[in-house]
Amino acid sequence: MHSRNFFSAVLVVAIVAAVVFLNIIVYTLDEHFGLYIHSEQRDDLSISGATDTLFADAIAEGKKVTVTFCMYEDALKVHPTGSYVYRTAREFAERYEGFVELRYANALTQLYENGDFFDVSAYSKDMRGNDTVINDTSVIFRCGDEYRVLTDAYTGSGFVDFYTLDEEMYITAYNGEEIFAAMMSWVLTEEHGTAYFTTGHSETPNLPLYNVLACAGYYVDTINLRREDIPDDADLIVVANPLSDFERAAEGSSLRTEIERLTSYAERGGAMLVTLDPMAKRLTVFEQFLSDFGISVRRDANGESAIVKDPNNGITADGFTLVGSYAEGDVAETMYEKTKDLGGNIIVRTVAALELSGGASPLLLSSPAASIHAGGETVESAGRYVIAACSARANEDGSTARLVVVPSIYLTATDAIVTNAYSNKDFLYSLFDVFYGHGEMPYGCHSVVYDNDILENLTMGEARLYTALLIALPVILAGVGVFVTVRRKNR
Amino acid sequence: MLAIYKREMRSYFTGVIGYAFLVVFMAVAAALFSYTTLFAMSSDVTSYFTFMLLFSAVILPILTMKSFSEERKARTEQLVLTAPVSIPAMVLGKFLAAYTMFAGALLFTSLYFLILIPYAELQGAILLGNIIALLLVGMVFVSIGIFASSLTENQLSAAVSTIAIIMAFLAVGIVAALIPSNYWIRSIFDALSIYTRFQTFTNGYFDLASLVYYLSVSALFVYFTIRIYDRRRYN
């Protein structure tokens, strides 16, 4: 008996020791030889084909776009950031054979890969005469006499123009298809207007909108209306989220301040795009200027913006991130036709309701279930509030002043723009195309977004429905269990 | 073993415990899924499975507490010990039955992630890694549960003992996190930690060492249970 117990104890200890020893061996082998499989997510870099119609006319006319990399092909293939750009370029060249030609050159030796001379000095200035920088990560797009140079002169990675970076300079998305489409469109077009962002009112730098405008074919610059007049090449004035009011000269004064400059610009057929922060203080002078176009921000008696809220059709639980739908009206309907097949919702967060009068037209509306929230309370639940509007005002000289107002800073936020799920970017493109008449846009181009775990387009109503269905399953099972158990007991 | 397995599976559904386990498991899984994904607007699966790991540490002891202690309390243990079935077959039959209940519930509730497909790109490797990791952890918890159940005739004591042992294993991971990584003892704690090894799977790494760890710990506790009953038979 005692010998059996002793033997059993020894056996248990031996088994435990063997298990521990086995784990140590496997752990050591794992550390040395990496005995694991790591499944990585495949990056889908294939172009979507959204640019087929964009280049159809140019292809039919026999035009040709040359894309020159300032790095030889073998080096480009293995470059950490350039390899993705190379792959996109190859796909464009294969898809549009004969229309897109790729060339590889060395900017230092000034030789193409085939030995021809590469004249770097021809690109030392851009089309407006400003100095450019050419290095080994430059990409030059050319069609005839038109050319555009993209150079990463800021980061050490190269090819930064093809990527979206966060504040800490980490890559969050790859936008190769869109950038190729935009730059190719750029060099196929002879004239390019300039979009000027106003400064001097604590406007928040709006890099996503800047990039969208660049891809839409604008040069982008800034202007301080307190100090300078609006130049003749201004195709678009962008007022992005001003926090302080604009200046207006006293009545009867001959001074030209900001509002006077904007008024003159509008009277000669200028175009403006305004985004407002509804949580900022009231900009009395500037909003008066907007109301001359028939667009006003709805406010309560205390001057607070009326914020639109939609808990059921919003995509956040608080109901302040809404899905906007195109309104009825010529402009909105035309914009809708351009974008309806591209998929995705237009989303805005913390958006005020607009009031329209005169010739102003709605562009985007909230859902019929939306309500108005002001001063911490729900004040109205009429639904279908205007959350973006446009106004086209005929001038005496026959020109037309155009204004678009979006009372939210979120329409052009990075996570609303750099995504394939929402169509905020295509909404902006259709605005430039349809309302501002700026020409064909790179609609529908895909970005590859990294580390994106946001559930896009899921509304809170849908979330509640799914939750109810999932909870119903165990309830049904409980009912079945009770039925089976009671029935068995009663037999 | 198959007969024992079938008998155990039948007993889960002739009584209340099988239905109760599945109902509670599915309800909590649905609540956690909604909380960590739908209402959080996130397709990140890791937080859901981390919560499910902690929930499993509580619910599996309740599932396994009756495995052996009920037989002892009802004095039907002698019938089992004298039955023409080997002790290992009996223990494995009960172990596999309890594990089947857990694995079936887990795999069914993992189908909830299909809801997210229209709204986000699910990372299949991460999801699969989490499911496999939780299946392995569940195997360990079930083996601990049947071991604790074999030690006592009081089901509540069996459940509490199981939870205590599981928490001790999980506490190893907490202690490991407090030790600076340049100390050699940290690697020992990491090697013993259920949670640290769980995390390697959840990051998409299918790690052989962690697989061997989970299987060997489960096998060890099943072996201890066999030894206890083997000793009881001959005593």
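Residue indices begin from 1 for each chain and proceed along its sequence in written order. Working convention: letters from A go to chains and numbers from 1 go to ligands, in the order in which they are written. Note on the predicted model: pLDDT of at least 70 is required for a residue's local features to be given, and 80 or more for side-chain atom pairs to be given and counted; whole-chain, interface and lining totals, by contrast, use all residues. With hydrogens and water stripped out, all remaining heavy atoms of the structure feed into the side-chain values.

A. Inspection of the overall build of chain A at higher detail. By definition, any uninterrupted DSSP run of H or I lasting at least four residues is a helix, any uninterrupted run of E lasting at least two residues is a strand, and each is numbered from the N terminus. Broken down by element type, chain A carries 12 helices and 23 strands. Each residue is assigned to one of three classes by its accessible area relative to the maximum for its type, calculated with a 1.4 Å probe on protein chains only: buried under 20%, partly exposed between the two thresholds, exposed over 50%. For chain A, buried positions account for 48% of its 491 residues. Of the contacts made within chain A by residues no fewer than 6 positions apart, 70% connect residues no fewer than 24 positions apart. Surface accessibility of chain A: about 23,500 Å² in total, with carbon and sulfur atoms responsible for 52%. Any two residues whose heavy atoms approach within 4.5 Å are treated as being in contact. Reported accessibility uses the Shrake-Rupley method at a 1.4 Å probe radius. Residues are deemed covered only where the shown protein chains occlude them.

B. Quick look at the sheet that holds strand β23 (residues 448–449) of chain A. Residue and element names in this part refer to chain A. What the 3 strands build is an open sheet, ordered β7-β8-β23; its pairing is antiparallel. Single-partner strands in this sheet number two, and they are β7 (163–165) and β23. Of the strand pairs in this sheet, β7 and strand β8 (residues 171–174) are connected by 3 bridges, and their pairing is antiparallel. By the bridge assignment for β8, L165 is matched with I171. At least two DSSP bridges between two strands are required for those strands to pair.

C. Region of interest: a nonpolar patch on the surface. To count toward a patch, a residue needs a relative accessible area over 30% and no salt bridge; like charges are then connected within 9 Å, while nonpolar side chains (Val, Leu, Ile, Met, Phe, Trp, Tyr) are connected within 5 Å. Throughout this description, the term salt bridge denotes a Lys or Arg side-chain nitrogen within 4 Å of a carboxyl oxygen of Asp or Glu. Residues L473 of chain A together with F108, L111, L114 and I117 of chain B make up a contiguous nonpolar surface patch of about 450 Å² in total accessible area. The topology assignment puts F108 of chain B in helix α6 (residues 87–110).

D. Just the interface of chain A and chain B, in detail. The interface of chain A with chain B comprises 44 residues on the first partner and 49 residues on the second. Accessible-area loss on putting two parts together, using a 1.4 Å probe and summing over both, is the definition of buried area adopted here. Of the roughly 4,000 Å² buried between chain A and chain B, counting both surfaces, carbon and sulfur atoms make up 68%. If you sort the residues of chain A by the area they bury against chain B, L455, L470 and L477 of chain A come out on top, with a joint share of 15%. The interface formed by chain A and chain B contains 0 salt bridges. Here a polar contact is taken to be a pair of N or O atoms separated by no more than 3.5 Å, where protein atoms must pair a possible hydrogen donor with a possible acceptor and residues adjacent in sequence count only if both atoms sit in side chains. The interface formed by chain A and chain B holds 5 residue pairs in polar contact (both at pLDDT 80 or more) in total. Put simply, the parts of the chain that give the side of chain A that touches chain B at least two residues each are α1 (2–33), β1 (36–38) and α12 (460–489) of chain A. Each residue is assigned to one of three groups, with Ala, Val, Leu, Ile, Met, Phe, Trp, Tyr, Cys and Pro labelled nonpolar, Asp, Glu, Lys and Arg labelled charged, and all others, Gly among them, labelled polar. Of the residues in the side of chain A that touches chain B, the class split is 26 nonpolar, 11 polar and 7 charged.

E. Examining the pattern of salt bridges more closely. Residues and elements named next belong to chain A. For the structure shown, the criterion picks out 20 salt bridges over all chains. The shortest N-O distance in the salt bridge between R226 and E247 comes to 3.0 Å. Here the residue R226 occupies a position in the loop between β10 (219–223) and β11 (234–240), and E247 occupies one in the loop between β11 and α7 (258–267), the gap between them amounting to 21 residues. One salt bridge connects E337 with K340, and the closest N-O pair in it is separated by 3.0 Å. By relative accessible area, E337 is classed as partly exposed at 48%.

F. How the structure looks around the side chain of H79 of chain A. All names here are of chain A. Of note, H79 is situated in the loop between α3 (73–77) and α4 (82–95). The class for H79 is buried, based on a relative accessible area of 16%. Once you skip the residues sitting within four places of it in the chain, H79 turns out to touch M71, T137, S157 and F159.

G. Region of interest: the packing of aromatic side chains. Residues and elements named next belong to chain A. Each Phe, Tyr or Trp ring (for Trp, its six-membered ring) is paired with any other whose centre lies within 6.5 Å, and the angle between the two planes then decides the class: stacked below 30 degrees, edge-to-face above 60, tilted in between. Applying the stated criterion across every chain yields a total of 46 aromatic pairs over all chains. For the ring pair F92 and F180, a centre distance of 5.4 Å and an interplane angle of 15° mean the geometry is stacked. Note that F92 is positioned in helix α4 and F180 in helix α5 (residues 176–188), a separation of 88 residues in sequence. Both residues of the pair, F92 and F180, belong to the buried class. Among the aromatic side chains, those forming a connected cluster through ring pairs are F55, F92, Y96, F99, F141, F162 and F180. One Lys or Arg, R349, reaches over the ring of Y410 and ends 4.1 Å from the middle of that ring. Here R393 stacks its cationic end above the ring of F293, 4.1 Å away from the centre of that ring. Only lysine NZ and arginine CZ atoms are considered, and such an atom sits over a ring when it is within 6 Å of the ring centre and within 35 degrees of the ring normal.

H. The arrangement of the environment of E91 of chain A in detail. Residue and element names in this part refer to chain A. Tracing the backbone shows E91 in helix α4. By relative accessible area, which is 15% here, E91 ends up buried. Within the structure, E91 has its side chain in polar contact with the backbone nitrogen of I47 (distance 2.7 Å).

I. How the structure looks around helix α1 (residues 2–14) of chain B. Residue and element names in this part refer to chain B. One less than the residue count of a helix, multiplied by 1.5 Å, gives the span that helix is expected to have. Look at α1: 18 Å from first C-alpha to last across 13 residues, which is about the 18 Å you get at 1.5 Å a residue. Buried residues of α1: I4, E8, M9 and Y12, and no others. For α1, the angular spread of buried residues about the axis comes to 130°, placing them on one side. Away from its buried face by more than 90 degrees, α1 exposes L2, A3 and R10. The arc in question is traced by the directions running from the helix axis to the C-beta atoms.

J. Focus on the sheet that holds strand β5 (residues 139–143) of chain A. Residue and element names in this part refer to chain A. Reading across from one edge, β4-β3-β2-β5-β6 is the order of the 5 strands in this open sheet, with mixed pairing throughout. Looking along the sheet, the strands with just one partner apiece sit at the ends: β4 (111–112) and β6 (146–150). As judged from the 2 bridges shared by strand β3 (residues 100–106) and β4, these two strands associate in the antiparallel manner. Residue pairing across strands places N106 opposite L111, the latter belonging to β4. Contacts from α4 reach β2 (65–69) and β3 within the one sheet, and its direction differs from that of β3 by about 145°. A fitted line through C-alpha atoms represents every axis, and for helices the fit uses only the stretch in contact; the resulting angles, taken between N-to-C directions, go from 0 to 180 degrees. Against the sheet, α5 touches β2, β3, β5 and β6, its axis set at about 150° to β6.

K. Focus on the packing of α7 of chain A against helix α8 (residues 284–291) of chain A. Residue and element names in this part refer to chain A. Packing of α7 against α8 leaves a shortest axis separation of 11 Å and a crossing angle of 15°. Our classification of the angle between α7 and α8 gives roughly parallel. Here the hand of the crossing between α7 and α8 comes out right-handed. Counting all contacts with α7, which are made through I259, L262 and T263, the residues of α8 involved are V285, F286 and F289. Looking at side-chain class alone, the contact of α7 with α8 contains 5 nonpolar, 1 polar and no charged residues. What sets the label is the angle itself: under 35 degrees gives roughly parallel, over 145 gives roughly antiparallel, 65 to 115 gives roughly perpendicular, and the rest give oblique. By the definition used in this description, the sense in which the near helix is turned from the far one sets the handedness, with an anticlockwise turn below a right angle giving left-handed and a clockwise turn giving right-handed.

L. Main features of the nonpolar core. Ranked by internal contacts, the top residues of the largest apolar core, which has 118 residues, are F69, F162, F286 and F432 of chain A. Broken down by element, this core gets its largest block of residues, 9 residues, from α5 of chain A. Apart from residues lying up to four places away in sequence, F162 of chain A is in contact with V85, V139, F141, L150, A173, Y174, N175, G176, I179 and F180 of chain A. Only buried Ala, Val, Leu, Ile, Met, Phe, Trp, Tyr and Cys residues count toward a nonpolar core, and they belong to the same one when joined by side-chain atoms within 4.5 Å. Within the second largest apolar cluster, 91 residues are counted, among which are L127, I131, V140 and F147 of chain B.

M. Representation of unusual backbone geometry in the model. Residues and elements named next belong to chain A. Although it is not a glycine, Q110 adopts a positive phi angle of roughly 55°. Here Q110 falls in the partly exposed class, since its relative accessible area comes to 27%. One non-glycine residue, T350, lies in positive phi territory at about 50°. Within the secondary structure, T350 sits in the loop between β16 (346–349) and β17 (354–356). A residue is classified by how much of its surface remains accessible, and T350, at 24% relative accessible area, is partly exposed.

N. The arrangement of the pairing of strand β19 (residues 371–374) of chain A in detail. All names here are of chain A. Burial along β19 is two-sided: the residues S371 and H373 and I372 and A374 are all buried. Of the pairings in the sheet, the one linking β19 to strand β20 (residues 377–380) comprises 3 bridges and is antiparallel in character. Residue pairing in the sheet places H373 in a bridge with T378 of β20. Connecting the antiparallel pair β19 and β20 is a turn made up of 2 residues, with G375 showing a positive phi of about 60°.

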